Amino acid sequence: MEQNNIKTEELEKNISAELKSFKSDLAKADSFSSLENIRTKYLGKKSYLSVMQKSIGTLPNDLKPIVGKNTNLLRQNIEGSLEEKEKNLKASEIDREMRKESVDLSLPGRLISSGTKNILSKVVEDIEEIFIGMGFEIAEGPEIETDYYNFEALNTPEDHPARSLHDTMFVSDHVLLRTQTSPVQIRYMEENEPPIAIIVPGRVYRKDYDISHTPMFTQVEGLVVDENINFGNLKWTLETFVREMFGKDRMVRFRPHYFPFTEPSAEVDISCNICDGKGCRVCSGTGWLEILGAGIVDPKLYSFVKYDPERFTGFAFGMGVERISMLKYGINDLRLFFENDLRFVKQF
Ligand code: DAH
């Protein structure tokens, strides 16, 4: 009995030492893997606890229940603590994940770099807007055109000297890349009866390349046909356009000119805004900048589209969008429009 008491005391000492060591290890555990190591150390086959429990069968009968009870309590204690620790670890793991994924709404946003509209598209839209405001509609036509629409029906027959000015790019004998947007005048009149008021933006092509010419460029054509249309209507329309586009104090001047499809014809200048009309390098000392061609529709065109020339009159005009853009934004080299240099493109 005496001996058993000593044994019991020693057992309790060992168990409390084991428990103390376990608790200190557990307190340090900060991951699932360290937790597993502790589990093996204190519950594994070679652990003090397992060895003790395995040996119960060999103990004297009166010690068996004491060792059994104490080791069971130790096992419950260890298992319970491990379970609780595991729960805590899981919770802090979730917490960490949530923090990682959470969005801080007070952070400043990141700038997304976005594309910009090409300056030519923007100027075409500006031109469209101004004319739409005056009651015009927008029309379009093909870039691959026939001789007939590009020249013939525009009163520019085969042997006409004006043809050589156009440096035409031919696709085949009578098919070409349109040199101007004017053929859409004919196409539109074929399909529609007056009154008409249209503008026609589009690309045109000429075999030409130097500082002031590119093989492809952009035009906007205008056409108005109705009863009683006269030169005064043309002047008012273009003056209104110039003021909207370039500002209220721009002056406009009409200079006699020649186009095969208008009679009379004019070139239209605006006063130079660099020198205020005094004369400078940009306007070649004249004080004026040429911006478009225009005129009263030559009645010969009406015979191609079966309009009655006694009843209808009209005016037409055509402008180069690159030129308008250069004058409006002070761009000094035509080639900049087509090089796609981001430093240029992003300015607008
Ligand atoms: N098509 C002419 C050109 O490319 C521009 C033009 C002039 C168009 C007078 C017109 C106009 O409609 O009336 O040079």
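No experiment lies behind these values; they were computed from the predicted model shown. (Residues numbered from 1 in each chain as written. Predicted model: local features only at pLDDT ≥ 70, side-chain atom pairs only at ≥ 80, totals over all residues. Heavy atoms only, no water.)

Side note on the pairing of strand E5 (residues 196-205)
Regular strands place side chains that alternate from one sheet face to the opposite one. Spelled out, the test is: A 1.4 Å probe rolled over the protein chains alone gives each residue an accessible area, and that area as a share of the maximum for its type sets the label: buried under 20%, exposed over 50%, partly exposed in between. Under the DSSP-based scheme used, a helix requires at least four consecutive residues in state H or I and a strand at least two consecutive residues in state E, with every element numbered from the N terminus. By this definition, two strands are paired if DSSP reports at least two bridges between them.
Within E5, 8 of the 10 residues are buried, leaving the element largely enclosed by the surrounding structure. In this sheet, strand E6 (residues 216-226) lies alongside E5 in antiparallel orientation, the contact comprising 10 bridges. Following the sheet pairing, Pro-201 is matched in E6 by Val-220.

Regarding the sheet that holds strand E8 (residues 262-271)
If you trace the 7 strands from one edge of the open sheet to the other, you get E1-E5-E6-E10-E9-E8-E7, paired in mixed fashion. The open sheet has two free edges, formed respectively by strand E1 (137-138) and strand E7 (252-259), since each of these has just one partner strand. Sheet analysis places E1 next to E5, joined by 2 bridges and oriented parallel. The partner of Glu-137 across the bridge, within E5, is Ile-198.

Digging into the site of the ligand
We apply this condition: Throughout, the term near means that a residue has one or more heavy atoms lying within 4 Å of the molecule or strand in question. Polar contact criterion, stated in full: a pair of N or O atoms within 3.5 Å, where within protein one must be able to donate a hydrogen and the other to accept it, and residues adjacent in sequence count only if both atoms are side-chain atoms. Only the protein chains shown count as cover for residues, with accessible areas throughout obtained via the Shrake-Rupley method and a probe of 1.4 Å.
For the ligand, the set of nearby residues contains 15 residues, the closest of which are Gln-180, Ser-182, Arg-206, Gln-219 and Glu-221. Within the side chain of Gln-185, a nitrogen or oxygen atom sits 3.1 Å from an oxygen atom of the ligand. Within the contact set of the ligand, an oxygen atom lies 2.5 Å away from a side-chain nitrogen or oxygen of Glu-221. Contact with the protein chains hides 90% of the accessible area of the ligand, taken as 350 Å² for the molecule alone.

Notes on the pattern of salt bridges
This is how it is decided: The salt bridge criterion pairs a side-chain nitrogen of Lys or Arg with a carboxyl oxygen of Asp or Glu, the two atoms within 4 Å.
Using the criterion set out here, one finds 18 salt bridges in the structure. A salt bridge links Glu-86 to Arg-39; its shortest N-O distance comes to 3.4 Å. Of the two residues, Glu-86 is situated in helix H4 (residues 64-101) and Arg-39 in helix H2 (residues 32-43); the sequence distance between them amounts to 47 residues. Close ionic contact of Lys-122 with Asp-126 constitutes a salt bridge, the shortest N to O distance being 3.7 Å. Taken together, the residues span about one helical turn, with Lys-122 and Asp-126 both in helix H5 (residues 119-133) at a distance of 4 residues. The class for Asp-126 is partly exposed, based on a relative accessible area of 23%. It is possible to trace a salt-bridge network through shared partners that takes in Arg-253, Arg-255, Glu-267 and Asp-269.

So, the domain arrangement of the protein chain
Just so we agree on the cut-off: As annotated, the domain borders come from an automatic or database domain assignment.
As assigned here, the protein chain comprises domain 1 (3-100) and domain 2 (119-345). A straight line from the C-alpha centre of domain 1 to that of domain 2 covers 95 Å.

Points about the packing of H5 against helix H9 (residues 231-246)
This is how it is decided: Angles run from 0 to 180 degrees between N-to-C directions of axes, and those axes are lines fitted to C-alpha atoms, restricted for helices to the stretch in contact. Put simply, angles under 35 degrees are roughly parallel, angles over 145 are roughly antiparallel, angles from 65 to 115 are roughly perpendicular, and the rest are oblique. Each helix crossing is assigned a hand: it is left-handed if the near helix lies turned anticlockwise from the far helix by less than a right angle, otherwise right-handed if that turn is clockwise. A contact between two residues is defined here by any heavy atoms of the two lying within 4.5 Å. The classification used treats Ala, Val, Leu, Ile, Met, Phe, Trp, Tyr, Cys and Pro as nonpolar, Asp, Glu, Lys and Arg as charged, and all other residues, Gly among them, as polar.
It is at 10 Å that the axes of H5 and H9 come closest, and there the two elements cross at 130 degrees. Considering the angle they form, H5 stands oblique to H9. Judged by the twist between their axes, the crossing of H5 over H9 is right-handed. Residue-level contacts link Val-123, Asp-126, Ile-127, Ile-130 and Phe-131 of H5 to Thr-237, Phe-241, Glu-244 and Met-245 of H9. Class assignment of the residues belonging to the contact of H5 with H9 gives a composition of 6 nonpolar, 1 polar and 2 charged.

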